[in-house]
Amino acid sequence: MDKNEKIKVAITSGIVAAILLILVLFLALSGKNKSDEKLLDENISEYASLESSLDQNSDSGVLASSEEANSESSDKAEDSSSANGSSTETALQSNETGNTTNDISGNSLYSTNAAVLKNVYKGLAVDTNAQLKEMYTYWADNNTEAVRDLAHLERFEAMSYKLSGTSDFYYYGDLNSSGLPEGTGLAVYGDDQYYFGEWKNGKRNGNGTWINFYPEYSNYVVTEHMYTGGWVDDLPSGDGQEHYDYDFAKMNGDDIYVQNAIGSFDKGYYDGKMYIITVDRDQNTEEWYGTCEDGTLIQVVNTRLDKDGKIPVLQNKNDEKDFVYMTEEGTKDNKVSGIIVGEKKAN
């Protein structure tokens, strides 16, 4: 075989390899079209299988949301809804062995706000008990899609809007001898928030799911915010998962966004080993894990600070040399935000 023939063979092999790679990527991406509920179950199962290995891995961290406002998303958020985050600073960082890796230094992990309902429901009839009973039936049947459809109807948004600015909630479900929620029940709060699950002595205790729906007229990047898992005295406590859905068209290129945070919670705060999935506007996901104590991120062991003194708090599950760095202030007060805590209002 002469030189020209060898070159032709090499070029042809390269083209074939490229086509095969494209097919593999297409098939891989096509396989991700699953329902949110199935993905939640799979993520929780994966966290359970990872928990023992995380206990043996001391080089771990957990995510935090930056507290600086991001101007691009703030312009898109409506009313008082605004995006919080610092700009991305991607830089080559040296690890302990002297090699370099493309770490995400100072990357902003997007901080969200609660849904904002507008006063657009004037004159709309609301039958609180009938509507809660209707939604309760679907939720008890684990028909989350039907629950979601109802929550976006104007009459349900109007019901929630009536509670705006208060910590009160409407309730449908089991009661104790004192007339307080106890057993299984459904509650709706202001800001388009719902809870379905276990109660004790008027408070969310046991297992349950809280969802903050965002109205369809919202121009905010978040479309839904959920927590499902253990509760104690109205706050997430025990094993659970926080989950976000987004409008990818409204994402900015400076931030990565928390999609799932799975692990241990205490009084609403991240507390213990955590398994994190983040997503960006191109719908690329990354998996991370780490540790949080009472809402404060723990520095990854045996890893240096970055050039700006930021702390490595999050380690890539698939690349132990890849970290997210945060400021000291950003490592604090990490929790499931926006949950309204209050008392039952007479329906």
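Caption draft 1: Up close: the packing of helix α4 (residues 128–140) against helix α5 (residues 144–151). Where α4 meets α5, the closest approach of the two axes is 7 Å, and the angle between their N-to-C directions is 155 degrees. Classified by the angle between their axes, α4 and α5 sit roughly antiparallel to one another. Considering the relative orientation of α4 and α5, their crossing is left-handed. Across the interface between the two elements, Glu134, Met135, Tyr138 and Trp139 of α4 pack against Ala146, Val147, Leu150 and Ala151 of α5. Its residues assigned to classes, the contact of α4 with α5 shows seven nonpolar, no polar and one charged.

Caption draft 2: Highlighting α5. Extensive coverage of α5 is indicated by the burial of six of its eight residues. Every buried residue of α5 is accounted for by Thr144, Ala146, Val147, Arg148, Leu150 and Ala151.

Caption draft 3: Looking closely at the packing of α4 against helix α6 (residues 154–161). Closest axis-to-axis distance for the α4/α6 pair is 11 Å, and the angle between their directions is 120 degrees. Judged by the twist between their axes, the crossing of α4 over α6 is left-handed. The residues of α6 that touch α4, namely those facing Thr128, Gln131, Leu132, Glu134 and Met135, are Arg155, Phe156 and Met159. Split into classes, the residues belonging to the contact of α4 with α6 amount to four nonpolar, two polar and two charged.

Caption draft 4: Highlighting the side chain of Thr209. Among the structural elements, Thr209 can be located in strand β7 (residues 203–213). A distance of 2.8 Å separates the side chain of Thr209 from the side chain of Thr228, its partner in a polar contact. Leave out the neighbours within four places in its chain, and Thr209 touches Trp139, Tyr194, Tyr195, Phe196, Met226, Tyr227, Thr228 and Trp231.

Caption draft 5: Fine view of the pattern of salt bridges. One pass over the full model with this rule turns up six salt bridges. Taking the shortest distance from any N to any O, the salt bridge between Arg155 and Glu134 comes out at 3.2 Å. Of this pair, Arg155 sits in helix α6 while Glu134 sits in helix α4, and the two are 21 residues apart along the sequence. Taking relative accessible area as the criterion, Arg155 reaches 28% and is therefore assigned partly exposed. Through salt bridges with shared partners, one network takes in Glu145, Arg148 and Glu224.

Caption draft 6: Inspection of the pairing of β7 at higher detail. In terms of burial, β7 is largely enclosed, as eight of its 11 residues are buried. Counted between consecutive antiparallel strands, the loop separating strand β6 (residues 193–200) from β7 contains two residues, among which Asn201 sits at a positive phi close to 55 degrees. Sheet topology note: the β7/strand β8 (residues 222–232) ladder contains eight bridges and is antiparallel. What sits directly across from Asn207, in β8, is Gly230.

Caption draft 7: Examining the confidence of the model for the chain more closely. Of all residues in the chain, 69% have pLDDT values of 70 or greater, and the mean over the chain is 76. Ignoring residues within four places in sequence, the model shows residues 6–36, a span with pLDDT below 50, making seven contacts including any to other chains. Every residue in residues 51–107 is under pLDDT 50, and counting partners more than four places away or in other chains gives 182 contacts.

Caption draft 8: Broad picture of the environment of Gly272. Counting through the fold element by element, Gly272 comes out in strand β11 (residues 269–279). Taking the C-alpha atoms as reference points, Gly272 and Cys292, separated by 20 residues in sequence, lie 5.1 Å from one another.

Caption draft 9: Looking closely at the pairing of β11. Judged by how many residues are buried, β11 sits mostly within the fold: eight of 11 residues are covered. Bridge analysis of strand β10 (residues 255–266) against β11 gives eight bridges, and the strand direction is antiparallel. The residue bridging Gly263 from the neighbouring strand is Met274, located in β11. Counted along the chain from β10 to the antiparallel partner β11, the turn is two residues long, and its residue Lys267 has a positive phi close to 55 degrees. Pairing analysis gives eight bridges linking β11 to strand β12 (residues 285–293), with the strands arranged antiparallel. The partner of Val279 across the bridge, within β12, is Thr285.

Parameters at a glance
- Residues numbered from 1 in each chain as written.
- Predicted model: local features only at pLDDT ≥ 70, side-chain atom pairs only at ≥ 80, totals over all residues.
- Heavy atoms only, no water.
- Axes fitted to C-alpha atoms, helices over the stretch in contact; angles between N-to-C directions.
- Helix = DSSP H or I, 4+ residues; strand = E, 2+ residues; numbered from the N terminus.
- Parallel < 35°, antiparallel > 145°, perpendicular 65-115°, else oblique.
- Left-handed = near helix turned anticlockwise from the far one by under 90°.
- Contact = heavy atoms within 4.5 Å.
- Nonpolar A, V, L, I, M, F, W, Y, C, P; charged D, E, K, R; others polar.
- Buried < 20%, exposed > 50% of the residue type's maximum accessible area, 1.4 Å probe, protein only.
- Polar contact = N/O pair within 3.5 Å; in protein donor to acceptor, adjacent residues only side chain to side chain.
- Salt bridge = Lys/Arg side-chain N within 4 Å of Asp/Glu carboxyl O.
- Pairing = 2+ DSSP bridges.
- pLDDT = per-residue confidence, 0-100.

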